[in-house]
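Examining the three-dimensional arrangement
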Amino acid sequence: MNTSEQRGLVMAEHKISTKLLRHRLNQGLRFLFIALTIAFILVPILLLFKISVSAPQDILTQHPPFLIKNFTWNHWKKVLAAGHIWVPLWKSTVVATFVAVLGVLIAAPAAYVISRLPRNIKYGVLLAIFSTRMFPEVGIALPISVTFVRWGLVDTNLGLVLAHLIKVLPLMAWIMTGTFDSIPKDLEQAALVDGCDKGQALLKVVLPLSMAGMAAGSILCWLESWNEFTYAVYLCLAESTLPIKTYYYVRRGNWFESAAYAVFLTIPVMIVTFVLQNYLKSDYLSGALKY
Amino acid sequence: MATLRIIFKHHKLEILMVLPLILFVLGFTLVPVLQCIIFSFQDQITGEFPTLGNYREIVGSRKFGEALKNTLLVTLIGLGLEMSVGMMVALLLTTKHKFRGIFRAITMIPMGVPTVVSGVIMLYIFSTNGYLNEFLYRIGLIQLPIDWANGGFRTLFMVAVADMWKVTPLVIVLLLSGLESIPTTVYEASAIDGASRRQNFFYITLPLIKPFFTIALILRAIDAFRIFELPMVLAGRNTMFLGTYAYSEYFDYNNIHTSGAASTILMVVIAIFVFGYIGMVGSREVEQ
C-alpha cells in the first residue's frame, strides 16, 4: 500500500517534470524560430546600409567582414556630389505626387458610387476592376509602350503618370469602396431631409468623413508609384526614375553607388511606412476581405 | 430602352462620377491587353492576322522553354516557402508573449522596402564574394565560394528566397487577419472537449482560416508568375523567366509579336492557375 502510493507519487512527479520539460523545449524552439526570423529580416537591411558606408577594402575582398570596419561617408558624398541623382529624384517625386492626387480624384468618386450599389452588383463590379491587376504587367506595358512612342509620351512625366495609374487605380477603388462602406447611408439621407441636394450632401457630409481614408489611400498610391519598376523600365529611355537609375548602377556592377542609391530610394518609403503603420496593418486588408 | 433613359436621368451625377474610372480601365488596361493578344497572332513581316507563327517560333526555342520551366519552378518553391513560413510566423504572432509587439513590427519591415532595393540587397548576399558564402565558409560548410547566379536550381532558389524576403509580410498580414477573426470561444469549447494543440490546429484553425489562406495563395501565385524585377536585378540575362523573356524579346530583338505571345502565354498560365484553384478548392470560400 505504502510503496504503491509512493510509486504513484513518483510517477505523477515524473509526468509533471516531462510536461514541464516539453513546455520549456517548446518555448525554446519558439524563441529560436523568432530569433532566426528577425535575423533573416534585419540582417539584409543592415548589410545594405553597411555596404553604403564601408571603405572598398571591406567589401571587395574574398572574405568580407560582417561588421563595419572602416566607416566612411564617401559613397554617399560621391553620389550627391556627382549630381546624377537629382533628375531621377525629382522625376520620381513629381510622378508619384501626380499619381497620388489623380488616383484619389478618379477613384474616390467612382468608389463612392460603387459602394452605394446594391450588394450583388457591387461585388461583381469591384472584382471586375480588381481582377485587372491579374494581367501580367509586361503584357500591358508592351502595347502601352508602342502606343506612347506614337503619341510622343515616352520619357515624359505624363506618360509615366498614366502608366502608373493603370496599376494604382484598381487598388485605390478597392480601398476607397471600403472607406465609403463604413460611412452610414443614414447620414446622407438626414442631410437630404434637411434640404441639401445630392451634391451638397456629398461635399458637406460624406467628403469630410472620408478624408482619413482618402489620405491613407493616396499615400499608398504614392508609395506604389515611387517603387514602380516595370512600366518605368518600358517607358524611360533617357530620363529615368530613381528605381531605374538604381537598376542602371546594378547593371554596371558598381556596388557602392547602387547601395547608396538603394538607401536613398528606401529612406522616404521607410519614413512614410512607419508613419502609416496603423493604416497598413490588417484593418484595411481585412476590410477588403470581408466581402 | 425606356428604363435605361430613366436611370440616366435620375443618376446623372453618379454616372459622371463613375465614368472616368471606367473609361480609364477600358482604355488603358483592357484595350492594351487585347492589343497584346492581337500582336501575338500577327505575322511579323506581313502583319497578316491571325497566324500561329509567333507561338510556333517561341515554343520551339530553348530559351522560352527554360523561361516557362523557371517561372513554374520558382512559383512552386516560392509559394511553398512563403506560405509555410508565413503560417508559422502568423501563428506565433497570435500567441501571447513578451516580444509580440516588437516582433510584429519587425516582420512588417520588408513590406516597406522597394522591390528593386530588395533585389540589390540579395545581390550582395548571394554574390560569389557575398555574405551568404562568407557565412557558410565561417561555419565550415563550404571551402570554395558557390556561384549562385550561374543558372540551374541554385539561381531559382536565390530568386525564390529574395521574393520570399519581400512578400512574406503580406502573407502574414492576410493569415493573421484570418487567425484573429476566429472567436476565442471556439478554442474554449475545444479545451473543454480535451483537444490537444495539434488537434486544435488541424481541426479548428486550418478549416476556419481556409478562405484567407486561399486568397493569400492566389494573390501570391499571381505575383509569383509575373515575377520581373527580382530576376532583372538578380539573374541578369542568363536565367530567363516569362516576364523577363517578354521584356528581352521587345528590347533586345525589337519584336513586339513574340513578346506579345510570351505575355499572352503568361496570362493563360495565370488564368489556368486561378480558375483551376478556385474550381478545385475554394469556390465556396471565394463566394463568401
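Residues numbered from 1 in each chain as written. Chains lettered and ligands numbered in written order. Predicted model: local features only at pLDDT ≥ 70, side-chain atom pairs only at ≥ 80, totals over all residues. Heavy atoms only, no water.

**Focus: the overall build of chain A**
A tally of regular secondary structure across chain A gives 13 helices and zero strands. Going from N to C terminus, chain A has its helices and strands arranged as α-α-α-α-α-α-α-α-α-α-α-α-α. Counting over 291 residues, chain A shows a buried share of 48%. Within chain A, residue pairs in contact and separated by at least 24 positions form 72% of the contacts whose partners lie at least 6 positions apart. Summed over its atoms, the accessible surface of chain A is roughly 14,700 Å², and 68% of this surface lies on carbon and sulfur atoms. (Helix = DSSP H or I, 4+ residues; strand = E, 2+ residues; numbered from the N terminus. Buried < 20%, exposed > 50% of the residue type's maximum accessible area, 1.4 Å probe, protein only. Contact = heavy atoms within 4.5 Å. Areas by Shrake-Rupley, 256 points an atom, 1.4 Å probe, with all protein chains shown as cover.)

**Quick look at the state of the cysteines**
In this structure the tally under the stated criterion is zero disulfides over all chains. Counting only cysteine sulfurs, Cys221(A) is the nearest neighbor of Cys236(A), a cysteine outside any disulfide, at a range of 19 Å. (Disulfide = S-S within 2.5 Å.)

**Thoughts on the pattern of salt bridges**
Residue and element names in this part refer to chain B. For the coordinates displayed, the defined rule picks out 13 salt bridges over all chains. Across the pair Asp 163 and Arg 220 runs a salt bridge whose closest N-O atoms are separated by 2.8 Å. Here Asp 163 is found in helix H8 (residues 152-180), whereas its partner Arg 220 is found in helix H11 (residues 210-225), with 57 residues between them in sequence. For the pair Asp 163 and Arg 220, one class covers both residues: buried. Among the salt bridges present, the one from Arg 220 reaches Asp 223, with a minimum N-O distance of 3.9 Å. Of the two residues, Arg 220 and Asp 223 both sit in helix H11, three residues apart, roughly one turn of that helix. When salt bridges with common partners are traced through the structure, they connect Glu 82, Asp 163, Arg 220, Asp 223 and Arg 226 into a single cluster. (Salt bridge = Lys/Arg side-chain N within 4 Å of Asp/Glu carboxyl O.)

**Focus on unusual backbone geometry**
Not every positive phi belongs to a glycine, and Asp155(A) is a case in point at roughly 70°. Structurally, the position occupied by Asp155(A) is in the loop between helix H6 (137-151) and helix H7 (157-181). The exposure class of Asp155(A) is partly exposed, given its relative accessible area of 21%. Its identity as a non-glycine residue notwithstanding, Asn254(B) has a phi of 55°, on the positive side. Its place among the elements puts Asn254(B) in the loop between helix H13 (242-251) and helix H14 (256-287).

**Quick notes on the packing of aromatic side chains**
For the coordinates displayed, the defined rule picks out 28 aromatic pairs over all chains. Ring geometry for Phe229(A) versus Tyr247(A): centroids 5.4 Å apart, planes at 85°, classification edge-to-face. Taken together, the residues Phe229(A) in the loop between helix H9 (198-227) and helix H10 (230-235) and Tyr247(A) in helix H11 (residues 242-251) connect sequence positions 18 residues apart. Here Phe229(A) and Tyr247(A) have matching classes, each one buried. Each ring, one from Tyr250(B) and one from Phe251(B), has its centre 5.0 Å from the other, and the planes form 80°; the classification is edge-to-face. Residue classification places Tyr250(B) among the buried positions, given a relative accessible area of 11%. A relative accessible area of 30% places Phe251(B) in the partly exposed class. An aromatic cluster of three or more residues is present, and its members are Phe229(A), Tyr234(A), Tyr247(A), Phe228(B), Tyr247(B), Tyr250(B) and Phe251(B). (Phe/Tyr/Trp six-rings, centres within 6.5 Å; stacked < 30°, edge-to-face > 60°.)

**Section: the environment of Gln143(B)**
Residue and element names in this part refer to chain B. Secondary-structure assignment places Gln 143 in the loop between helix H7 (131-138) and H8. According to the relative accessible area criterion, Gln 143 is exposed, its value standing at 60%. Sequence-wise, Gln 143 and Asn 133 are 10 residues apart; in three dimensions their C-alpha atoms are separated by 9.3 Å.

**Observations regarding a positive patch on the surface**
On the surface, a cluster of positive charge is made up of Lys19(A), Arg22(A), Arg197(B) and Arg198(B). Those elements that provide at least two residues to the positive patch are helix H1 (2-52) of chain A together with helix H10 (197-208) of chain B. Along the chain, Arg198(B) turns up in helix H10. (Patch = residues over 30% accessible without salt bridge, like charges linked within 9 Å, V, L, I, M, F, W, Y side chains within 5 Å. Lys, Arg positive; Asp, Glu negative; His and termini not counted. Charge placed at Lys NZ, Arg CZ, Asp CG, Glu CD.)

**Brief notes about the interface of chain A and chain B**
It is common to give the size of an interface as the accessible area lost on bringing the parts into contact. Between chain A and chain B, the residue contacts involve 82 residues of the former and 86 residues of the latter. Of the roughly 7,700 Å² buried at the junction of chain A and chain B (both faces included), carbon and sulfur atoms supply 78%. One can count one salt bridge joining chain A with chain B. One salt bridge in this structure joins Glu14(B) and Lys198(A), with 3.3 Å as the shortest N-O distance. For the pair chain A and chain B, the interface holds nine residue pairs in polar contact (both at pLDDT 80 or more). When residues of the side of chain A that touches chain B are assigned to their parent elements, the largest contribution, 16 residues, is made by H1(A). Partitioning the side of chain A that touches chain B into residue classes produces 55 nonpolar, 19 polar and eight charged. (Buried area = accessible area lost by both parts, 1.4 Å probe. Polar contact = N/O pair within 3.5 Å; in protein donor to acceptor, adjacent residues only side chain to side chain. Nonpolar A, V, L, I, M, F, W, Y, C, P; charged D, E, K, R; others polar.)

**Re the confidence of the model for chain B**
All names here are of chain B. Averaged over every residue, the pLDDT of chain B is 86; residues scoring 70 or more account for 96%. Within chain B, the element-level pLDDT minimum falls on helix H1 (residues 2-10), averaging 74, and the maximum on helix H4 (residues 62-94), averaging 92. Both confidence scores are given for the complex: pTM 0.84, ipTM 0.85. (pLDDT = per-residue confidence, 0-100.)

**Some thoughts on the environment of Ser40(B)**
Residues and elements named next belong to chain B. Structurally, Ser 40 can be placed in helix H2 (residues 12-40). Judged by relative accessible area, which is 0%, Ser 40 ranks as buried. For the pair formed by Ser 40 and Ile 7, sequence separation is 33 residues and the distance between their alpha carbons is 40 Å.

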